[in-house]
Amino acid sequence: MPAVPRRRKSSLAPPTFWLLAPAVVFLALWTQVPLVLTLYYSFQRFILVNPDLRGFVGFENYLSLLTDPAFWVSLERTLVLVLSSLGVTLVFGLVLGLLFFQRFPGRAWMRTLAISPFFVMPVVSALIWKNMLMHPVYGLLSWLFRTLGLPPVDWLAQYPMPSIVAIVAWQWIPFATLLVLTGLQSLPADVLEAARIDGAGPWQEFRYIVLPHLARTLSVVVMLETIFFLSLFAEIYTATSGGPGLATTTLPYLIFLKAFAEYRIGVAAAGAIFAVILANLVALFLLRFIGRNLRAEVRG
Amino acid sequence: MKRLRPWLLSLLGFLASFLLFFPILWMFLTAFKREEDAFSLQPVLLFTPTLQSIAEAWTRSDYLLHVQNSLIASLGSTALALVLAIPAAYAMAFYPGPRTTTLLLWMISTKMMPPVGAVVAVYLVYRTLGWLDNIWTLALLYTAINLPVVVWTVYAYFREIPAEILEAARVDGAGVKEEILRVLLPVAVPGLASAALLSVILAWNEAFWSLILTSAQAAPLAVYVASFKTAEGLFWAKMSAASLFAVLPVMVMGWLAQRQLVSGLTFGAVK
Amino acid sequence: MKRIGRLVVGVLALGGVAGAQTTITIATVNNPDMIVMQKLTPEFQKKYPDIRVNWVILPENELRQKVTLDISSGTGAYDIMTIGTYEAPLWGKNGWLVPFENVPATYDLNDVLKPVRDGLSYGGKLYALPFYAESSMMYYRKDLFAQKGITVPGQPRWTQVAQWAQQLHNPRGGVYGICLRGLPGWGENMAFISTLVNTFGGRWFDESWRPQLTSPEWKQAISFYVDLVTKYGPPGVTSNGYTENLTLFSQGNCAMWVDATVAAGYLANPKTSKVADKVGFAQAPIAVTPNGSHWLWSWALAIPKSSKKVEAARTFIYWATSKEYIELVGRTEGWVAVPPGTRLSTYRNPNYLRAAPFAEIVLKAIQTADPTKPTAKPVPYTGIQYVSIPEFQAIGTQVGQFIAGIVTGRYSVDEGLAQAQAAVEKIMREAGYLR
């Protein structure tokens with residue numbers, strides 16, 4: 001926090017309006033305006049390859065989706081993907097964060113290697129996993145299973161969603177790890193000393209000191225990952241194309257299919273509005289849940 | 001904490017980092033194999049490295065064009081984002097008003113909106129304007145996507161800078177522009193660098209808008225690599241070779257700037 | 001000032017010389033023959049040094065999406081599009097393609113096989129020139145069949161195929177009884193499944209355009225298919241499209257494969273196939289009727305109206321679909337690898353006949369594949385492995401996904417077909433075919 005009091009608006013103050021305007025206008029133009037347009041299109045029948053069929057159709061597109069079992073499946077798939085990925089990344093992120101917080105030889109370069117997956121392009125990650133690791137005949141996992149005498153597993157066909165979760169988790173565990181590490185680094189050492197003097201064991205240390213301290217960091221991880229996971233696309237597009245059947249068709253992927261594979265813009269727009277509503281609900285829920293917990297921590 | 005022996009921790013650390021890094025390493029090695037070695041029932045560990053697969057991946061499409069597109073999209077969007085963000089962050093950090101918090105929260109909220117919410121409209125508008133398959137218009141879009149993050153990171157950094165420095169410049173009679181350009185920016189370089197780094201990484205790796213809005217001329221590396229998503233006979237070596245340059249620059253940047261990225265990605269919540 | 005002036009003039013002059021160069025962008029599929037075409041581009045440049053070719057190679061589903069989007073929105077990103085007998089008549093009808101009129105005599109248009117030419121025309125005008133054409137047929141491992149003492153007739157039946165698959169299925173030895181397409185896509189798994197349904201006596205729509213996916217013929221065909229691939233197919237069936245199965249068979253992992261005739265060249269070529277000397281060829285299996293048992297398809301090169309380089313594009317297309325190109329491939333890649341199915345001259349060429357033991361079977365298959373008579377019962381549409389209506393892309397994509405879901409056990413055959421039927425009915429109603 002700056003020590004000198006800031007100047008309030010005076011005759012010498014710069015025109016903050018003009019300093020802020022470009023960024024705000026730019027952002028509004030590219031995010032809010034499309035949203036309004038999407039709303040408009042959701043009330044139209046608009047088939048890209050058959051332009052003569054345009055017309056206002058009221059809520060028909062919304063009804064079409066609500067009566068489409070694929071829509072409900074995609075909602076469920078989205079939740080499964082987000083929650084599973086959250087769970088896996090949080091657990092492993094916590095474990096690895098704690099691990100790399102300890103002092104041991106080689107930890108610097110090991111940590112550098114361990115966080116690498118996060119920077120790999122999602123398309124590349126999906127291709128590596130789909131082909132070189134998970135391919136049921138020529139993949140490394142298949143070779144491993146065969147060496148162990150087990151029948152090879154066709155991961156992407158038999159366990160499509162868990163496979164996608166694995167690919168996503170592989171990329172995001174480093175993210176969670178980094179954040180946990182950074183959060184741990186702000187843990188005051190004297191609190192730990194006091195606890196140790198009082199005879200606390202490692203588990204108690206963890207449960208009553210470390211975890212509460214990390215509450216804020218973990219909530220940031222949950223918030224950010226949820227935002228990103230709700231709109232995961234590249235991994236599904238590259239690895240499974242939403243299949244088999246609808247097993248990995250999340251809401252964003254369904255909207256993509258409706259718009260660019262079935263060319264039904266109106267229905268896709270309606271789906272997009274549903275996606276925005278979903279994102280807002282999740283954000284609201286998260287803010288309340290995390291806000292409440294954080295306040296409890298601060299008070300208690 | 002865990003009172004384990006250092007060597008045991010080293011072992012665990014090694015296992016974890018090896019398992020996490022292995023797929024990348026494997027891809028890297030595969031890029032230098034012939035297809036027969038890459039696509040075999042038994043993994044080939046000892047092989048004579050060759051540049052053949054790299055040559056094939058690089059000539060199958062105009063690889064340099066794809067690299068150029070990725071560079072334009074990421075560097076261009078970052079540059080524009082900084083140009084827009086710096087004045088805004090300056091205003092919010094040094095001249096906060098009653099609406100500052102609302103403005104910041106609004107910016108974050110635009111990042112929370114799922115891209116599918118805008119894709120249909122953006123595609124159609126771009127199509128009408130003739131902006132499809134154009135790397136510069138894609139860069140404009142990336143600017144908007146990354147702007148909230150850049151603004152937040154720069155804002156958080158500006159707040160750490162004492163206002164006296166600016167006071168001194170103002171006393172000397174400098175206007176707002178000089179204040180920012182000659183005094184603030186040189187001091188703020190680390191914060192600007194981390195914001196820029198973050199924006200470049202996010203834009204480089206992006207694969208949703210790029211797949212939908214580009215076709216031939218504007219396809220960045222992400223789109224070219226995605227064209228390997230179905231089998232083409234023996235193709236893993238080519239696929240890995242195509243991915244090499246798509247991955248290396250960003251990974252190295254990430255290595256060098258781990259801490260700043262954490263701060264940037266969490267909008268300064270975790271420092 | 002004077003120096004700058006001279007500089008500007010100099011640069012403009014250079015630009016004038018370089019400006020004679022046109023760059024055309026071609027979008028194509030990642031099939032082996034196309035990749036060869038790309039490899040041979042330097043030969044084209046030698047002949048036409050002022051035309052540069054920019055390649056966009058995509059997997060089939062993605063290519064179709066991109067190209068359909070581009071042409072329906074008039075974006076003009078591509079000067080040459082690789083399309084098939086599905087798109088050419090429909091897009092020709094919409095006025096989206098530049099027709100091929102006044103084809104030079106040296107090109108010898110009459111040499112191009114008639115069914116293929118017809119398949120790429122609408123209203124008497126030709127809208128694309130074929131790069132290769134195909135039907136479907138059966139490939140099998142002569143050596144494995146000989147080991148079990150089985151002889152394959154020229155026209156096998158599906159009941160026989162099921163038996164053979166069981167006898168030859170040997171996963172531990174790395175050989176699967178039969179490899180079939182399972183990758184969802186109207187041009188991927190649905191191409192094969194449509195022919196299977198046809199030969200089992202089924203059809204997509206009745207004369208009043210009512211979808212027939214819950215008919216007994218469909219149930220029989222799909223049950224048969226699912227049974228066959230889950231019991232005797234390779235793992236990962238639903239990820240296997242044409243190119244994946246091509247790889248599997250050529251690496252020696254399949255005892256049988258029913259798919260495009262264009263694969264024959266690749267499989268019989270020792271440069272690309274480990275089983276080149278062990279491949280046997282037969283007609284595509286039949287069940288109740290021979291109608292629609294094997295498809296007719298051609299990947300052809302077309303020019304969208306939105307292209308600004310029509311002349312250059314035409315030059316390239318004439319080159320790539322000419323007799324000279326076929327001879328070029330014959331010389332550089334081997335005669336077994338030339339793009340097949342387009343010209344009668346190929347099938348009269350002694351070099352080709354010598355190198356390609358499958359030539360007669362392929363020619364017969366193409367000549368007997370009749371898109372105007374695809375089914376046992378009458379239908380209001382044309383098309384063997386697809387239905388020639390614009391809505392079929394959406395229909396085929398969705399049904400393909402459901403069938404993949406049946407294969408992976410997500411739905412039973414009845415559930416999956418019921419859902420597919422509902423989806424198709426929805427689309428047909430919204431498009432106005434049904435009340």
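Residues numbered from 1 in each chain as written. Chains lettered and ligands numbered in written order. Predicted model: local features only at pLDDT ≥ 70, side-chain atom pairs only at ≥ 80, totals over all residues.

Thoughts on the overall build of chain A
The secondary structure content of chain A amounts to 13 helices and two strands. Relative to the globule expectation of 19 Å for 300 residues, the C-alpha radius of gyration of chain A, 24 Å, shows a markedly less compact shape. Once the C-alpha set of chain A is aligned to its principal axes, its extents read approximately 80 × 80 × 35 Å. A buried classification covers 49% of the 300 residues belonging to chain A. Expressed as a percentage of contacts within chain A between residues at least 6 apart in sequence, the contacts between residues at least 24 apart total 71%. (Helix = DSSP H or I, 4+ residues; strand = E, 2+ residues; numbered from the N terminus. Rg over C-alpha atoms; globule rule 2.2 N^0.38 Å. Buried ≥ 20, exposed ≤ 12 C-beta atoms within 10 Å, placed from the backbone. Contact = placed C-beta atoms within 7 Å.)

With respect to the overall build of chain C
What chain C contains, in helices and strands, is 18 helices and ten strands. Scaling as 2.2 N^0.38, a compact globule of 435 residues should have a C-alpha radius of gyration of about 22 Å, and chain C matches this with 23 Å. Expressed along its principal axes, the backbone C-alpha trace of chain C runs to roughly 85 × 55 × 40 Å. Split into buried and exposed, the 435 residues of chain C put 56% on the buried side. Pairs at least 24 apart in sequence give 75% of the contacts found in chain C among residues at least 6 apart.

Quick look at the interface of chain A and chain C
The interface is formed by 18 residues belonging to chain A together with 23 residues belonging to chain C. The residue inventory of the side of chain A that touches chain C, partitioned by class, reads 13 nonpolar, three polar and two charged. (Nonpolar A, V, L, I, M, F, W, Y, C, P; charged D, E, K, R; others polar.)

Some remarks on the sheet that holds strand E8 (residues 256-260) of chain C
Residues and elements named next belong to chain C. Strand order across the open sheet formed by three strands is E8-E7-E9, with antiparallel pairing between neighbours. Every other strand in the sheet has two partners, leaving E8 and strand E9 (279-283) as the edge strands with one partner each. Sheet twist, expressed as the mean angle between neighbouring strand axes with direction ignored, is 30 degrees. Both strand E7 (residues 136-141) and E8 contribute to a ladder of five bridges, which runs antiparallel. When the sheet's bridge partners are listed, Tyr-140 is paired in E8 with Met-256. Packing of helix H11 (residues 242-250) onto the sheet brings it into contact with E7 and E8, and relative to E8 it is tilted by some 140 degrees. (Pairing = 2+ DSSP bridges. Axes fitted to C-alpha atoms, helices over the stretch in contact; angles between N-to-C directions.)

Some remarks on the sheet that holds strand E2 (residues 51-58) of chain C
Residues and elements named next belong to chain C. Spatial ordering of the open sheet is given by E2-E1-E3-E10-E6, a layout of five strands whose pairing is mixed. Edge positions in the open sheet fall to E2 and strand E6 (129-134), since each of these has one partner strand only. Pairs of neighbouring strands in the sheet enclose a mean axial angle of 15 degrees, with direction left out of account. Where strand E1 (residues 22-29) and strand E3 (residues 80-83) come together, two bridges link them in parallel fashion. Residue pairing across strands places Ala-27 opposite Met-81, the latter belonging to E3. On the sheet, helix H2 (residues 32-39) packs against E1, E2 and E6 and is oriented at approximately 155 degrees with respect to E2.

Some remarks on helix H10 (residues 216-232) of chain C
Taking 1.5 Å per residue as the helical rise, H10(C) with its 17 residues ought to reach 24 Å, and the 24 Å between its terminal C-alpha atoms agrees with that figure. Close packing links the buried residues of H10(C) with helix H8 (158-168), helix H9 (189-199), helix H17 (392-407) and helix H18 (413-431) of chain C. (Expected span 1.5 Å × (residues − 1).)

Some words on the domain arrangement of chain C
Residues and elements named next belong to chain C. Annotation of chain C at the domain level lists domain 1 (22-134 + 296-356) and domain 2 (136-294 + 371-431). Here the C-alpha centre of domain 2 lies 26 Å away from the C-alpha centre of domain 1. Counting residues at the interface gives 22 residues for domain 1 and 19 residues for domain 2. Among the secondary structure elements, those contributing two or more residues to the side of domain 1 that touches domain 2 are H2, helix H4 (60-73), helix H5 (87-94) and E6. (Domains from an automatic or database assignment.)

Quick look at the packing of helix H4 (residues 63-94) of chain B against helix H7 (residues 135-159) of chain B
Residues and elements named next belong to chain B. For the pair H4 and H7, interaxial distance at closest approach is 6 Å and the crossing angle is 40 degrees. Judged by the angle between their axes, H4 and H7 are oblique. Judged by the twist between their axes, the crossing of H4 over H7 is right-handed. Looking at the contact of H4 with H7 residue by residue, the class counts come to 24 nonpolar, five polar and one charged. (Parallel < 35°, antiparallel > 145°, perpendicular 65-115°, else oblique. Left-handed = near helix turned anticlockwise from the far one by under 90°.)

So, the confidence of the model for chain C
All names here are of chain C. Chain-level statistics for chain C give a pLDDT mean of 90 and a share of 95% at 70 or above. This stretch, residues 12-18, has a pLDDT under 50; its non-local contacts, to residues over four places away or in other chains, come to zero contacts. Predicted complex metrics record ipTM = 0.88 and pTM = 0.84. (pLDDT = per-residue confidence, 0-100.)

What about the pairing of E6(C)?
Residue and element names in this part refer to chain C. Most of E6 sits out of view: six of its six residues are buried. Alignment of E6 against strand E10 (residues 297-302), held across five bridges, turns out to be antiparallel. By the bridge assignment for E10, Leu-129 is matched with Leu-301.

Topic: the environment of B:Asp62
Relative to the helices and strands, B:Asp62 is located in the loop between helix H3 (52-60) and H4. Residues B:Asp62 and B:Ala219 lie 157 residues apart in sequence; the distance between their C-alpha atoms is 9.9 Å.

Quick notes on unusual backbone geometry
Notably, A:Tyr263 is not glycine yet its phi reads approximately 60 degrees, a positive angle. Within the secondary structure layout, A:Tyr263 lies in the loop between helix H12 (251-260) and helix H13 (265-299). Even without glycine at this site, C:Asp108 takes up a positive phi of about 60 degrees. With respect to the element layout, C:Asp108 can be found in the loop between H5 and helix H6 (114-119).

Side note on helix H12 (residues 236-256) of chain B
The end-to-end C-alpha distance of H12(B) is 29 Å, a good match for the 30 Å that 21 residues give at a rise of 1.5 Å each. Helix geometry: H12(B) is bent most strongly at B:Leu244, by close to 35 degrees. (Bend = angle between axes of the 7 residues up to and from the residue.)

Side note on the packing of helix H1 (residues 16-42) of chain A against helix H6 (residues 116-129) of chain B
Between H1(A) and H6(B), the shortest axis-to-axis distance is 7 Å and the interhelical angle comes to 90 degrees. Relative to H6(B), H1(A) is oriented roughly perpendicular. For the pair H1(A) and H6(B), the contacting residues are A:Thr31, A:Pro34, A:Leu35, A:Leu37, A:Thr38 and A:Tyr41 in the first and B:Gly117, B:Ala118, B:Val120, B:Ala121, B:Val122 and B:Val125 in the second. Across the contact of H1(A) with H6(B), the residue classes break down as nine nonpolar, three polar and no charged.

What about the confidence of the model for chain A?
Per-residue pLDDT for chain A averages 85, and the proportion of residues at 70 or more is 91%. Throughout residues 1-12 of chain A the model reports pLDDT below 50, and contacts reaching past four residues in sequence, or to other chains, amount to twelve contacts.

Observations concerning the nonpolar core
In terms of nonpolar packing, the biggest core is built from 334 residues, with B:Ala85 and B:Val225 touching the most fellow members. Sorting elements by how many residues they give to this core places H7(B) first, with 18 residues. Viewed by domain, this core spans two of them, domain 1 (22-134 + 296-356) and domain 2 (136-294 + 371-431) of chain C, each represented by three or more residues. Residue contacts for B:Ala85: discarding those within four places in its chain leaves A:Ala23, B:Leu147, B:Val150, B:Val151 and B:Val154. (Core = buried A, V, L, I, M, F, W, Y, C linked by C-beta atoms within 7 Å.)

Overview of the environment of A:Thr217
All names here are of chain A. Among the secondary structure elements, Thr-217 is positioned in helix H10 (residues 202-230). The exposure class of Thr-217 is buried, given the 24 C-beta atoms found within 10 Å. With 34 residues separating them along the chain, Thr-217 and Gly-183 place their C-alpha atoms 5.8 Å apart.

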